Amino acid sequence: MIFPVLLCGGSGSRLWPLSRASYPKQFVPLVGEETLFQASARRVKGAEFAAPVVLTGSDFRFIVTEQLQEIGIDPGAVLIEPEGRNTAPAILAAAFHLSAQDPDAVMLVAPSDHVVPNTNAFRAAVMRGLGAVHAGKLVTFGIQPTDPNTGYGYLELSGVPDGTGRAMDLRSFAEKPNSDRAQQMFDEGNFLWNSGLFLFKARDIIAAFEVHAPKLMGTVSLAVAEAQNDLGFLRLEINAWLAAEDISIDYAVMENTDNLAVVPFDGDWSDLGGWDAVWKEGMADANGVVTSGSATAIDCSQTLLRSDSAQLELVGIGLEDVMVVAMNDAVLVADKARAQDVKQAVAALKDKGAFQATQLPIDHRPWGWFENLVVGGRFQVKRIHVHPGAALSLQSHYHRSEHWIVVEGTARVTTNDNVQILTENESAYIPLGAVHRMENPGKVPVVLIEVQTGAYIGEDDIIRYEDVYSRGQGAKG
């Protein structure tokens, strides 16, 4: 039995404005109907795989379970990282968790934001790595390059792959090269792209950490040992976790060990590390143009046009080697060759204090989501979507009052001691300071328009008294 470990952190800043810290790329259907996370989980569903272990942040814990539920997968465990500390602490935490059940548990560590269209080929590659794992090796997977790409790190093998896909010894890691070096690597034939996928026994990776990253052992083991169950999630102990070094598994262990084998994989693969990668994965027309959403191309070539807003029509005329991504609150226009520089735009927006750097207009919550429609100095208008059977917390506000107008479904509204049922075109007024709650007792979503007025309309003006999601206080809790 193989235990998948899905790493579900990261903000995907190179795919801004669609991917942001508040809702990163792994939860978005960038390619196809399913999200990248759902596709990653489906790849490791089968008789040879146990239920996946997922590592994610507190804000995404309900998104993880909701998206898995949509595709009929129950997670084995969801470990909540109090703060992102990179891949080394995350993988070690998963190893400690699984080792407590079975020290010989075989772990398949996979990022949750990659595209691997051929699931059978992927699983076959995993099975080819098991022999090396049972011999005590740490196994990684190298992708056969299709071009001299400068956006990936590389693995230098001891020889040129012979086409059998057998595990080979690693000679060295290579950082992302410049264009000349990338071409040289591509021509030599014994360099593969570093996929970030790993296969090993829990006991073997723990032993490797003991040798190469001993400082992580105490902090991470304590964070796992002192973890608290929270509505089915396993919340790692915060103080021990924050004491762990922020470091990748490559730097902490893999680049220092002599016990690493590489399984070559020559199937299609992408980490969707930029909009140029999304363009490559898209359905291009005869001119190399990929359009999606409300986008139209006229006399364009080798271009990506994407509108993720039904209200925003995007039209490109005479564009070549350009990528344009439009949303309600932000638009990216860039040369396709500068795809890796999109993260600079995110940094620039952060410097100027623009919320678009990290926050999407739609904010996802355990009960559903809301979208900011209009924001003024002393008022705000939202569209709120509440899932069937879900409920907002029992709460009050110091600085604002609210008007709720139901436009779809049926809502149960509590205001102090008054409980009422509202259907379409009915409304409720929530005075400042009133203790209130919105619930959806029905079988279809509730959609309402909320108008807030007051001296302060920030999301942190909230006092929770009861909450079925145990979020505590604060904007999201």
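Residues numbered from 1 in each chain as written. Predicted model: local features only at pLDDT ≥ 70, side-chain atom pairs only at ≥ 80, totals over all residues. Heavy atoms only, no water.

## With respect to the overall build of the chain
Turning to step 1, where the next piece is worked out: The number of helices and strands found in the chain is 11 helices and 28 strands.
Turning to step 2, where the next piece is worked out: For the chain, the spread of C-alpha atoms along the principal axes amounts to about 75 × 60 × 40 Å.
Turning to step 3, where the next piece is worked out: Expressed as a percentage of the 477 residues in the chain, the buried residues total 54%.
Turning to step 4, where the next piece is worked out: For the chain, the exposed area adds up to about 20,600 Å²; of that, 50% sits on carbon and sulfur atoms.
Turning to step 5, where the next piece is worked out: For the chain, the distance from the average site of its 37 positive side-chain charges to the average site of its 59 negative ones is 2 Å. (Helix = DSSP H or I, 4+ residues; strand = E, 2+ residues; numbered from the N terminus. Buried < 20%, exposed > 50% of the residue type's maximum accessible area, 1.4 Å probe, protein only. Areas by Shrake-Rupley, 256 points an atom, 1.4 Å probe, with all protein chains shown as cover. Lys, Arg positive; Asp, Glu negative; His and termini not counted. Charge placed at Lys NZ, Arg CZ, Asp CG, Glu CD.)

## So, the packing of aromatic side chains
Turning to step 1, where the next piece is worked out: Applying the stated criterion across every chain yields a total of 9 aromatic pairs.
Turning to step 2, where the next piece is worked out: Aromatic rings pair up to connect Tyr 23, Phe 27, Phe 37 and Phe 60 into one cluster.
Turning to step 3, where the next piece is worked out: A cation over a ring is seen here: Arg 43 above Phe 122, with NZ or CZ 5.8 Å from the ring centre.
Turning to step 4, where the next piece is worked out: Over the ring of Phe 370 we find Lys 382, and its NZ or CZ is 4.0 Å from the ring centre. (Phe/Tyr/Trp six-rings, centres within 6.5 Å; stacked < 30°, edge-to-face > 60°. Lys NZ or Arg CZ within 6 Å of the ring centre and 35° of its normal.)

## Looking at the UniProt feature "domain: MannoseP isomerase/GMP-like beta-helix" (unreviewed entry) in the chain
Turning to step 1, where the next piece is worked out: The UniProt entry lists residues 297-349 under the feature "domain: MannoseP isomerase/GMP-like beta-helix" (unreviewed entry), expressed in the numbering used here.
Turning to step 2, where the next piece is worked out: From the first C-alpha to the last, residues 297-349 spans 28 Å; its make-up is 15% helix and 38% strand. (UniProt positions renumbered as here; feature names shortened; annotations may be inferred.)

## Points about the nonpolar core
Turning to step 1, where the next piece is worked out: Counting residues in hydrophobic clusters, the biggest one holds 91 residues, and the most contacted among them are Leu 30, Leu 108, Phe 141, Leu 199, Trp 275 and Val 386.
Turning to step 2, where the next piece is worked out: By residue number, the principal contributor to this core is helix H4 (residues 119-134), which donates 6 residues.
Turning to step 3, where the next piece is worked out: Beyond its immediate stretch of four places on either side in the chain, Phe 141 contacts Leu 108, Ala 125, Val 126, Leu 155, Trp 193, Ser 195, Leu 197, Phe 198, Leu 199, Val 262 and Val 263.
Turning to step 4, where the next piece is worked out: Counting 53 residues, the second largest nonpolar core, distinct from the first, contains Ala 95, Leu 98, Leu 138 and Ala 227. (Core = buried A, V, L, I, M, F, W, Y, C linked by side-chain atoms within 4.5 Å. Contact = heavy atoms within 4.5 Å.)

## Brief notes about the packing of helix H1 (residues 36-43) against helix H2 (residues 61-70)
Turning to step 1, where the next piece is worked out: For the pair H1 and H2, interaxial distance at closest approach is 10 Å and the crossing angle is 60 degrees. Classified by the interaxial angle, the pair formed by H1 and H2 is oblique. You can see that H1 and H2 cross each other, and the crossing is right-handed. Judged by residue contacts, Phe 37, Gln 38 and Ala 41 of H1 engage Val 64, Gln 67, Leu 68 and Glu 70 from H2.
Turning to step 2, where the next piece is worked out: Looking at the contact of H1 with H2 residue by residue, the classes come out as 4 nonpolar, 2 polar and 1 charged. (Axes fitted to C-alpha atoms, helices over the stretch in contact; angles between N-to-C directions. Parallel < 35°, antiparallel > 145°, perpendicular 65-115°, else oblique. Left-handed = near helix turned anticlockwise from the far one by under 90°. Nonpolar A, V, L, I, M, F, W, Y, C, P; charged D, E, K, R; others polar.)

## Description of the sheet that holds strand E14 (residues 304-307)
Turning to step 1, where the next piece is worked out: Across the sheet, which stays open at both edges, the 4 strands sit in the order E12-E14-E16-E17 with mixed pairing between neighbours. A single partner strand is all that each edge strand has here, and the edge strands are strand E12 (290-293) and strand E17 (331-335). For this sheet, the mean angle separating the axes of adjacent strands, direction not counted, is 5 degrees.
Turning to step 2, where the next piece is worked out: Strand direction decides the pairing type here: E14 and strand E16 (residues 322-326), joined by 4 bridges, are parallel. Bridge assignment links Arg 306 to a residue of E16, and that residue is Val 325. (Pairing = 2+ DSSP bridges.)

## Considerations on a nonpolar patch on the surface
Turning to step 1, where the next piece is worked out: A surface patch of nonpolar side chains, about 270 Å² in accessible area, is lined by Ile 298, Val 315 and Ile 317.
Turning to step 2, where the next piece is worked out: Within the secondary structure, Ile 298 is located in strand E13 (residues 295-298).
Turning to step 3, where the next piece is worked out: The class for Ile 298 is partly exposed, based on a relative accessible area of 38%. (Patch = residues over 30% accessible without salt bridge, like charges linked within 9 Å, V, L, I, M, F, W, Y side chains within 5 Å. Salt bridge = Lys/Arg side-chain N within 4 Å of Asp/Glu carboxyl O.)

## Considerations on the sheet that holds strand E22 (residues 400-408)
Turning to step 1, where the next piece is worked out: Read from one edge of the open sheet, 6 strands run E18-E19-E20-E27-E22-E25, paired in antiparallel fashion. Each of the sheet's edge strands pairs with one partner strand only, and the pair in question is strand E18 (362-365) and strand E25 (427-430). Sheet twist, expressed as the average angle between the axes of neighbouring strands with direction ignored, equals 20 degrees.
Turning to step 2, where the next piece is worked out: Note that strand E19 (residues 368-375) and strand E20 (residues 379-386) share 7 bridges and pair antiparallel. Of the residues in E20, the one forming a bridge with Phe 370 is Ile 384.

## Here's the deal with the packing of helix H3 (residues 87-99) against helix H7 (residues 214-225)
Turning to step 1, where the next piece is worked out: At their nearest, the axes of H3 and H7 sit 9 Å apart, and the two run at 55 degrees to each other. Judged on the interaxial angle alone, H7 and H3 are oblique. As for the relative orientation of H3 and H7, their crossing is right-handed in sense. Residues Ala 88, Pro 89, Leu 92, Ala 93, Phe 96 and His 97 of H3 lie in contact with H7, whose contacting residues are Leu 216, Met 217, Val 220, Ser 221 and Val 224.

## Some remarks on the side chain of Arg 123
Turning to step 1, where the next piece is worked out: Considering the arrangement of structural elements, one finds Arg 123 in helix H4.
Turning to step 2, where the next piece is worked out: As a buried residue without a salt bridge, Arg 123 has its nearest oppositely charged side chain in Glu 48, at a separation of 4.8 Å.
Turning to step 3, where the next piece is worked out: For Arg 123, the residues in contact, after removing those within four places along its chain, are Arg 42, Arg 43, Val 44, Lys 45, Glu 48 and Phe 49.

## Side note on the layout of surface pockets
The probe, sized like a water molecule, is rolled over the atoms to show the empty space still left.
Turning to step 1, where the next piece is worked out: The space that makes up the second largest pocket amounts to roughly 500 Å³.
Turning to step 2, where the next piece is worked out: If you go around the second largest pocket, you meet 19 residues; those closest to its centre are Leu 18, Asp 308, Met 327, Ile 362 and His 364. (1 Å grid on protein atoms, 1.4 Å probe; cavity = no way out; pocket = protein on both sides within 12 Å on 5 of 7 lines; lining within 4 Å. Points joined across faces, edges and corners; volume = space filled by probe spheres on them.)

## Observations concerning the UniProt feature "domain: Mannose-6-phosphate isomerase type II C-terminal" (unreviewed entry) in the chain
Turning to step 1, where the next piece is worked out: In the numbering used here, UniProt assigns the feature "domain: Mannose-6-phosphate isomerase type II C-terminal" (unreviewed entry) to residues 364-467.
Turning to step 2, where the next piece is worked out: Structurally, residues 364-467 is divided into 0% helix and 59% strand, and its ends, taken at the C-alpha atoms, are 16 Å apart.

## Notes on the pairing of strand E2 (residues 53-57)
Turning to step 1, where the next piece is worked out: The buried fraction of E2 amounts to 4 of the 5 residues, a majority that puts the element mostly inside the structure.
Turning to step 2, where the next piece is worked out: Note that strand E1 (residues 2-8) and E2 share 4 bridges and pair parallel. Across the sheet, Leu 6 pairs through a bridge with Val 54, a residue of E2.
Turning to step 3, where the next piece is worked out: Tracing the backbone out of E1, into H1 and back to the parallel element E2 gives a crossover that is right-handed. (Right-handed = clockwise from strand over helix to strand, strands pointing away.)

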